[in-house]
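Examining the three-dimensional arrangement
Chain residues, written in single-letter form:
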Amino acid sequence: MSSSPVHALIPTDFENALQSAMIADRFSLRRKWQEIRTLQKSGGEKSHTKVQQATIALAQKLHHSQQKYAARLEHLPKPEYPLELPVSGKKDDIAVAILKHQVVIVCGETGSGKTTQLPKICLELGRGVAGLIGHTQPRRIAARSVASRIAQELQTPLGEAVGYKVRFNDKLSESSYVKLMTDGILLAETQGDKFLNAYDTIIIDEAHERSLNIDFLLGYLKQLLPKRPIHHRDQTVHFQLQQFLWHGTRLYPMGDNEFPLGKYAQTLR
């Protein structure tokens, strides 16, 4: 590549530079970069002028995206964990599993802290910076109440670091890191954002309910696995089903809180 001042605006390792940009911008930035490289090969004075203009525009957009990423990273919430919750005692192990695996299924009984603590574990890992942590709930009231609870634990007003979006109502801001929503909302967003580039992490809650929306989401997310990091959790009673659906997934049961389906069936008898 030419060593002109214009070309020097673009980092030598462009792909590495994209890692400190917002996910929502990476595809268009990468496409513009490929267009510039194609123009460079064509040669000619007209192409040279277009390359200069496109390079300046690309550098500005990359810089803006990196600035936004850096600002979000600087203000990333620092979570604390209630010691009485089983998930809190396993948070380090869960964090390692999230780092090592594209999909993680966390099994545990109701009340173990999965819903409120897993988004905080993701925040501690730096998730929510390049894109939102999307967290689905089957019902609107659950989305609002869970958002309120997580915001309270992070000691931030609802709608800032943590917000929600449900039908006819949303409370989010540009500074939000965690977005609670109904599974129907996320499913609808796939129409305009087919790769879910607004998110860097997805948590599907209450997947054992097996609603039509949840089943569609699971199938849709599975198709995104080659391109996107997806994180999934479910309750114990359906872990065999989820292992079948997410072949090769890391299953993380919550220790003594696990209550296998076979044991539950024997109790009913």
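Residues numbered from 1 in each chain as written. Predicted model: local features only at pLDDT ≥ 70, side-chain atom pairs only at ≥ 80, totals over all residues. Heavy atoms only, no water.

Here we come to the side chain of Ser176. Mapped onto the elements of the fold, Ser176 is located in the loop between β4 (169-171) and β5 (178-182). In terms of polar contacts, Ser176 uses its side chain to reach the backbone carbonyl oxygen of Glu160, at 2.7 Å. In this view, Ser176 contacts Arg72, Leu132, Gly159, Glu160, Ala161 and Gly163; residues no more than four positions away in its chain are not counted. (Helix = DSSP H or I, 4+ residues; strand = E, 2+ residues; numbered from the N terminus. Polar contact = N/O pair within 3.5 Å; in protein donor to acceptor, adjacent residues only side chain to side chain. Contact = heavy atoms within 4.5 Å.)

The subject of this paragraph is the sheet that holds β5. Paired through their backbone hydrogen bonds, the strands of a sheet run either parallel or antiparallel. What the five strands build is an open sheet, ordered β4-β3-β5-β2-β6; its pairing is mixed. Two strands close off the open sheet at either side, each with one partner strand: β4 and β6 (199-204). Here the strands of the sheet are splayed against their neighbours by 20° on average, with no regard to which way each runs. Here strand β2 (residues 132-137) pairs with β5 via five bridges, running parallel. The partner of His135 across the bridge, within β5, is Leu180. Each of β2, β5 and β6 touches helix α6 (residues 114-124); the most contacted strand, β2, lies at about 170° to it. (Pairing = 2+ DSSP bridges. Axes fitted to C-alpha atoms, helices over the stretch in contact; angles between N-to-C directions.)

Another point: the side chain of Gln117. Of note, Gln117 is situated in helix α6. Polar side-chain contacts of Gln117 include one of 3.0 Å to the side chain of Glu153. In contact with Gln117, other than residues within four places in its own chain, are Glu80, Tyr81, Pro82, Leu85, Val87, Ser88 and Glu153.

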